[in-house]
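# Examination of the molecular architecture
Now for the letters of each chain:
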Number of protein chains: 2
Amino acid sequence: MNKNYIIPNEWSIIENGFDAENVEASESLFSIGNGSMGQRANFEEDYSGSTFQGSYIGGIYYPDKTRVGWWKNGYPEYFAKVLNAPNWIGIHIAINGTKFDLNTCKISNFKRELNMKEGWLGRSFNAQLKTGEQIEITAKRFVSIDFNETGAIEYHIKALNFSGEITYAPYIDAGIENEDSNYDEFFWEILEIVEGENSGCILSKTLKTEFHVSTAMQIALALNNEEISVGQETKVEAKKLTYIYKINVKEGDIATIYKFGSYVSSLNYKNSALNEASLSNVQNATELGFQELLNTQIRAWANIWKTADIVIEGDVKAQQGIRFNIFQLNQTYLGTDARLNIGPKGFTGEKYGGSTYWDTEAYCIPFYMATKDDKVAKNLLLYRYNQLDKAIENAEKLGFKNGAALYPMVTMNGEECHNEWEITFEEIHRNGAMVYGIYNYVNYTQDFEYIPKNGLEVMIAIARFWHQRANFSEAKNKYVILGVTGPNEYENNINNNFYTNYLAKWCIEYTVDCLNRVKKEYTNDFDRVISKTNLTAQETSEWLKVADNMYFPFDEEKQLFLQQDGFLDKEIIPVNELPKSERPINQKWSWDRILRSCYIKQADVLQCFYFFENKFSTKELENHFDFYEPITVHESSLSPCVHAILAASIDRMPKAYEQYLRTARLDLDDYNHEVHEGCHITSMAGTWMSVVQGFGGMRVWEDGMLSFNPQIPAEWKSYSFTINFRGNIIKVYKSQTECKFFNESRNEVKMMVANNEVLIPSNEFVII
Amino acid sequence: MNKNYIIPNEWSIIENGFDAENVEASESLFSIGNGSMGQRANFEEDYSGSTFQGSYIGGIYYPDKTRVGWWKNGYPEYFAKVLNAPNWIGIHIAINGTKFDLNTCKISNFKRELNMKEGWLGRSFNAQLKTGEQIEITAKRFVSIDFNETGAIEYHIKALNFSGEITYAPYIDAGIENEDSNYDEFFWEILEIVEGENSGCILSKTLKTEFHVSTAMQIALALNNEEISVGQETKVEAKKLTYIYKINVKEGDIATIYKFGSYVSSLNYKNSALNEASLSNVQNATELGFQELLNTQIRAWANIWKTADIVIEGDVKAQQGIRFNIFQLNQTYLGTDARLNIGPKGFTGEKYGGSTYWDTEAYCIPFYMATKDDKVAKNLLLYRYNQLDKAIENAEKLGFKNGAALYPMVTMNGEECHNEWEITFEEIHRNGAMVYGIYNYVNYTQDFEYIPKNGLEVMIAIARFWHQRANFSEAKNKYVILGVTGPNEYENNINNNFYTNYLAKWCIEYTVDCLNRVKKEYTNDFDRVISKTNLTAQETSEWLKVADNMYFPFDEEKQLFLQQDGFLDKEIIPVNELPKSERPINQKWSWDRILRSCYIKQADVLQCFYFFENKFSTKELENHFDFYEPITVHESSLSPCVHAILAASIDRMPKAYEQYLRTARLDLDDYNHEVHEGCHITSMAGTWMSVVQGFGGMRVWEDGMLSFNPQIPAEWKSYSFTINFRGNIIKVYKSQTECKFFNESRNEVKMMVANNEVLIPSNEFVII
């Protein structure tokens, strides 16, 4: 059964009462991150129950040797794993010499809170040790948005029924292993342990990739809120540095430890400067003090929420769910570093490895584009631009040439990590999403210049791929694309996947259109790119031959584009006629049965209708929705959002709301019984899209036009969302009776909207 | 490059001169076996160079935990591995206290011989130790055909230039590990070590499967050919039993050790009787003596060759090659035990695991049927009959019901071992081969009674599978079979593989035909089977609906059955236009490129023409051969034989000979650079078929008729082969000018041949 222990609250995730069964799930749900580093909500003190320790640093990875059944040529040799990093939060605690461990105490008044408005994790409870001492703990922790290499902990212990000694032994443990190591190897080497007065650090490096990381801590202590100085004992072990402080307390006293931690890495510093940098970080934090640092955190999150928040009235759980999604997306990626991306588990776990999937372009870019400065989306595009050489190498490994690129299915540094042939080699539609991301960005921002400066090279390499990947079928007298896997991964090695073929044709045509415009408007860039890529007019005309003569499987009688060749040979039985006991089919059916069934994992033909809504009529959309949605099992977290959006756009609000519900509280209610492994970060962007693009009907069209078509589920009183559109903050409010638009100054505006002329109060207000 | 060190010889495999580079290849090539046990040609004495120790016992396996990338529902949890068994051949040797090791001596006159006529392995050489002693070694070893739990070694050392002490320390080492263990585990537990005077044994059991095995040895010694008695020292270690004998020699003396070994297992004895049985075996062998035991071996092999030999005049390498194939097939399987089968590496290595593939029914049965008593082929059929329940379970795991069976792709005990979805779940044509094996057997032997007694139950379960596996396509108004892999494993997850669909239809029709005949002629058996299977007339009529309306992909213009739906969408370029640098494509191309290419790994549509030659016209065969063979890369060892046979049948002798050459010396010349892992046993049956069915044109037709159509490659002077047809020995002789037939008494006969009336001299002699 789903878990149901999270207390509904508009702004916080709350757990009341201690249950050891929920510890690992809560470690995921209450994770904190700042886009650069983050960690699971592990306890600071020792805990002898089941726990999954996880601390992560953005961009630091290890190429773990792949594990396969039968090797296939073209498989990558390594799988880039998100690395579990040294633990900086740990504090061994003893009360009168007895180790304090939640698992062996009597606990009462346990409360855990993840305050999403302010960006901190809190915990408070009373504990009675077996030896009889009663203590009250109040702890708070965050990783700083403004100082993104720094984290801070405030940890109070109140002596409730005794006078005696409280021992705080804060430590850095650099001996952490990955839970998902393929061959149970330890991925780090410890280089140096630096001890000092109240502060210290460990320098370690990753094997093979040789990332150097310095992890520092600095300690301050207080008694009854007064800073105190306590003699420090130091313990240095092979992979661990511990400082021991003994504080004498009287009954009623509160002994407090402040622990500041920092990660710095060779991504940003010379190896020789790392220890100095990390120690300087914790020193600065200590000098600023916990509360002042927290104040900056609260301001930073207020700023994030200003353009990202969605308010739902009349449904607290829905409100909590949507904010949790937005909060986690922001904890995972803030867009300030073009080397980072949106890992599938963010900083909440390490499953799946790699940091970057096509989810970024297909699902995440719209969220970041609409809730942040345009630079953030641009950084996501630059990430791929910077990895173009690797994408070309990747295609070469599969036999492509002449600068054709195949972007990886999963990656950390541009190299392919995934190794199942039907995905790695065949799920090539991801290449189309790279171009769609650019198209989407240019439409939204009107920053066409990105194309001549960067995007065009990516687009050319991808057009080359499609041109080479298609072949001419004598039998069909058309170009075909054989042996692919579409977004619906319940089909493998199919021919002429409609979505893939459509994207291929569109990529070529859009690239040629852009080439023509760049040639006219950006002559210098045009010359540079042509010279760099050796592109000729002859070659582009070869591309267009493929695009112009692309084959699409179509059934005349049903007036239906087919997901792939032969789709109508399958037995078509709607999902709702399947016995419940047979679902989810990915748990109940053998793989071959899934493959030859008609059932669809996530939008495939309909993904095309979502991407290119303007190319199809409403009648076509209805016809395809009515054929494909009833045979879709939505067994990917990325499925419901697209269907919610399409359903809303053809006035099927009950279906849209049903689909919305499937994603909104996926992790909070642990639908799939796997939240202990980490949260589903990328699909959270889909949840946001369900509201903004689905219920709100927001669209940005090829001509740059912005439009809305707000509808509201019958279950809600009202909702509102805010977007940043070309520097203008627009808030959309929709209740059961009203629809209003506000500008940044919270003034209601009547307006709409062509190109950059947004938010100018106007009588041309159009809801399409 | 291919290896080329084996000396051509008509009856022996010979290696002259010692080259450490060839040790592991020779260990495979010079392997010995008797169908029940066998071993690689490891040296008896210590060898510190690269070596792959391998001793195997038929039917003893271990379920090693599978290794996969991403788990798919339906995968088996375990892979049954051929188990590397305790080593009984080992003899530590010391000369004047210095350990003797070929890797550290100066070696001359090294010769190794595998005498295929008599069934033994010999080795002789001179060695000079670093300490100066020169010795001459002559060793001979075999595993007995008649006493199939027993092996024997004769090992002479002549002291060439010294007087002193020769130490023989024969041992049993039960601490052997599998080279291909998935997780480096040791698969055995040692239960008991029994020491005695000159004889002893170790009782061990396999983990999980709990096979108990007793491995015994008994020692006799001689000096200058006179039996001697020498004081025995005993050393017992955790997994090893060693006896130490020190023999004083004078210059010119020959010190000899005879070591007899035995494996007995819980397959044939109670656990409590194993040690007694193994010790009794070695005692009997010792009493019989090495030479007398060898005499029985020579007689046994003469008997095997009587009905199995192929003589080629004018080409010694061809002669050696074909005899090596026949010899290894007989070493692997003799057909006396219905629990055993023909492992892909026989007793020459452990790669691939499992013992049984569809190779048995498609390639091996014809060989064993024609060269041995009918009971042997029947034992192979009974092997599958006995595993029917497991095949039904296997199908249930994939979602089939009502007694439908899917025989495993690879197995040891009936359970599926293989775990790549595209093979395990989809290469279902193997099920058809099970029925074809029965059909082939009944045609050849006219033992129809096998069907009512055993075969029918298998056939019903398989017909049920095909009926459930097909589905009705509204679009085609026919039954289709979606999501399969054909014999050509360079296509995966295809729809309507012609071969698979044809077999499915044929299996149903043949089963219904047999049901009708059994109903009439074997009423009791019919009632028993119907009652056991709950088969109704309604159900068989449902089967026939599928068979009668089966869809076959066909191109009208080319008048061609297509390998699968959409095959003509591929770019068709003949193999001979591919650059040599790109072949073999399975080493040079990525898997996706192979999949979407037109290239065929092994006969697929043409496998159907081979199985059902009588259902197609010569013109149809020519048309299909001319389309498919030129795009076939023959990258399976099972490919060339079928093409050789079909080429011969349409008078394309050069093509037939070209294809024959690709298999005949595959291992001897190590074409694929992998013979060190073991020999390709099952494809050796294909080599035999290339001669007998290909050049010899032997056919047995559905009406029981036997026919020949001998042709001869231009490169040969003559060839002859012998077959056992319903108890009649027929020898076919073909030279460039003559074609003759002889009976068992070597009298030339003119005859031909309907039903059981073979070998009756007659004027109706027909060569079709």
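Residues numbered from 1 in each chain as written. Chains lettered and ligands numbered in written order. Predicted model: local features only at pLDDT ≥ 70, side-chain atom pairs only at ≥ 80, totals over all residues. Heavy atoms only, no water.

### Here's the deal with the overall build of chain A
A tally of helices and strands in chain A yields 20 helices and 31 strands. Relative to the compact-globule value of 27 Å for 768 residues, chain A shows a C-alpha radius of gyration of 27 Å, a close match. Projected onto its principal axes, the C-alpha positions of chain A cover 90 × 60 × 55 Å. Within chain A, buried positions represent 65% of all 768 residues. A separation threshold of at least 6 residues defines the contact pool for chain A, and within that pool the share at least 24 residues apart is 69%. Summed over its atoms, the accessible surface of chain A is roughly 27,200 Å², and 45% of this surface lies on carbon and sulfur atoms. Separation of charge centres in chain A, based on 74 positive and 103 negative side chains, amounts to 1 Å. (Helix = DSSP H or I, 4+ residues; strand = E, 2+ residues; numbered from the N terminus. Rg over C-alpha atoms; globule rule 2.2 N^0.38 Å. Buried < 20%, exposed > 50% of the residue type's maximum accessible area, 1.4 Å probe, protein only. Contact = heavy atoms within 4.5 Å. Areas by Shrake-Rupley, 256 points an atom, 1.4 Å probe, with all protein chains shown as cover. Lys, Arg positive; Asp, Glu negative; His and termini not counted. Charge placed at Lys NZ, Arg CZ, Asp CG, Glu CD.)

### Things to note about the pattern of salt bridges
Residues and elements named next belong to chain A. The full count for this structure, using the stated rule, is 74 salt bridges over all chains. E27 is paired through a salt bridge with R40; the nearest N and O atoms lie 3.1 Å apart. Of the two residues, E27 sits in helix α1 (residues 23-29) while R40 sits in the loop between β4 (37-39) and β5 (55-65), which places them 13 residues apart along the sequence. One exposure class covers both E27 and R40, and it is buried. Two residues, E45 and R123, come together in a salt bridge whose shortest N-O distance is 2.8 Å. Taken together, the residues span a long stretch of sequence, with E45 in the loop between β4 and β5 and R123 in strand β10 (residues 120-128) at a distance of 78 residues. (Salt bridge = Lys/Arg side-chain N within 4 Å of Asp/Glu carboxyl O.)

### Section: the relation of the copies chain A and chain B
In screw terms, the move from chain A to chain B is a rotation of 180° and a rise of 0.1 Å along the axis, fitting with an RMSD of 0.1 Å. Considering both components of the superposition, the chain copies are consistent with a two-fold axis. Every residue of chain A has its C-alpha some distance from the rotation axis, and the shortest such distance is that of V68 of chain A, at 2.5 Å. The overlap is high: 100% of the interface residues of chain A also sit at the interface in chain B, so the same surface is used on both sides. (Least-squares fit on C-alpha atoms with pLDDT ≥ 70 in both.)

### Thoughts on helix α5 (residues 359-371) of chain A
The terminal C-alpha atoms of α5 of chain A lie 17 Å apart, and with 13 residues this matches the ideal 18 Å at 1.5 Å per residue to within 8%. Counting buried residues along α5 of chain A, 13 of its 13 residues qualify, which places the element largely inside the surrounding structure. (Expected span 1.5 Å × (residues − 1).)

### A short note on the sheet that holds strand β18 (residues 232-237) of chain B
All names here are of chain B. Strand order in the open sheet formed by five strands is β8-β7-β13-β19-β18, and the pairing between neighbours is antiparallel. Of all the strands in the sheet, the pair left with one neighbour each is β8 (98-99) and β18. Relative to strand β13 (residues 164-173), strand β7 (residues 91-95) runs antiparallel, the two being bridged by five bridges. Bridging from a neighbouring strand, I93 pairs with Y168 of β13. (Pairing = 2+ DSSP bridges.)

### With respect to the UniProt feature "binding site: substrate" (unreviewed entry) in chain A
Residues and elements named next belong to chain A. In this numbering, the UniProt entry assigns the feature "binding site: substrate" (unreviewed entry) to W358, D359, K601 and Q602. Mapped onto the fold, D359 is located in helix α5. Its relative accessible area of 9% is what places D359 among the buried residues. Apart from the residues within four sequence positions on either side, D359 is in contact with C364, L638 and T682. Locating Q602 in the fold gives a position in the loop between α15 (591-596) and α16 (605-611). The contact partners of Q602, leaving out residues within four places of it in the chain, are W358, Y363, P487, N488, S636, L638, S639 and H643. (UniProt positions renumbered as here; feature names shortened; annotations may be inferred.)

### Some words on the environment of I723 of chain A
Along the chain, I723 of chain A turns up in strand β28 (residues 718-725). Between the C-alpha atoms of I723 of chain A and F367 of chain A, which are 356 residues apart in sequence, the distance is 9.2 Å.

### Focus: the interface of chain A and chain B
Residue-level contacts link 45 residues of chain A with 46 residues of chain B. A buried area of about 3,800 Å², summed over both sides, lies between chain A and chain B, and 50% of it is on carbon and sulfur atoms. Looking only at chain A, the three residues that lose the most surface to chain B are W70, D569 and R596 of chain A, adding up to 19% of its buried area. The tally of links from chain A across to chain B stands at six salt bridges. The residue K476 of chain A makes a salt bridge to D569 of chain B at a minimum N-O spacing of 2.5 Å. (Buried area = accessible area lost by both parts, 1.4 Å probe.)

### Considering the packing of aromatic side chains
Two numbers describe a pair of aromatic rings. These are the distance of the centres and the angle of the planes. All names here are of chain A. Counted under the stated rule, the structure contains 125 aromatic pairs over all chains. Ring geometry for F100 and F125: centres 6.3 Å apart, planes at 20°, overall stacked. A residue pair is termed long-range when its members are at least 10 positions apart, and F100 in the loop between β8 (98-99) and β9 (106-115) and F125 in strand β10 qualify at 25 residues. No difference in accessibility class separates F100 from F125, as the two residues are buried. (Phe/Tyr/Trp six-rings, centres within 6.5 Å; stacked < 30°, edge-to-face > 60°.)

### Quick notes on the nonpolar core
Membership of the largest hydrophobic core comes to 482 residues, with the highest contact counts inside it found for Y168 and I723 of chain A together with Y168 and I723 of chain B. Non-local contacts of I723 of chain A, meaning those with residues more than four positions away in its chain, are made with T307, A370, Y444, W688, V692, M698, L706, F708, N728, I729 and I730 of chain A. (Core = buried A, V, L, I, M, F, W, Y, C linked by side-chain atoms within 4.5 Å.)

### Points about the UniProt feature "active site" (unreviewed entry) in chain A
Residues and elements named next belong to chain A. Here the UniProt feature "active site" (unreviewed entry) sits at E489. Structurally, E489 can be placed in the loop between β23 (478-480) and α11 (498-521). Those residues in contact with E489 that sit more than four places away from it in its chain are M409, I423, E427, W591 and K601.

### Details of the sheet that holds strand β13 (residues 164-173) of chain A
All names here are of chain A. Strand order across the open sheet formed by five strands is β8-β7-β13-β19-β18, with antiparallel pairing between neighbours. Looking along the sheet, the strands with just one partner apiece sit at the ends: β8 and β18 (232-237). Looking at chain direction, β18 and strand β19 (residues 240-249) are connected through six bridges and run antiparallel. Counterpart to E237 in the pairing with β19 is K240.

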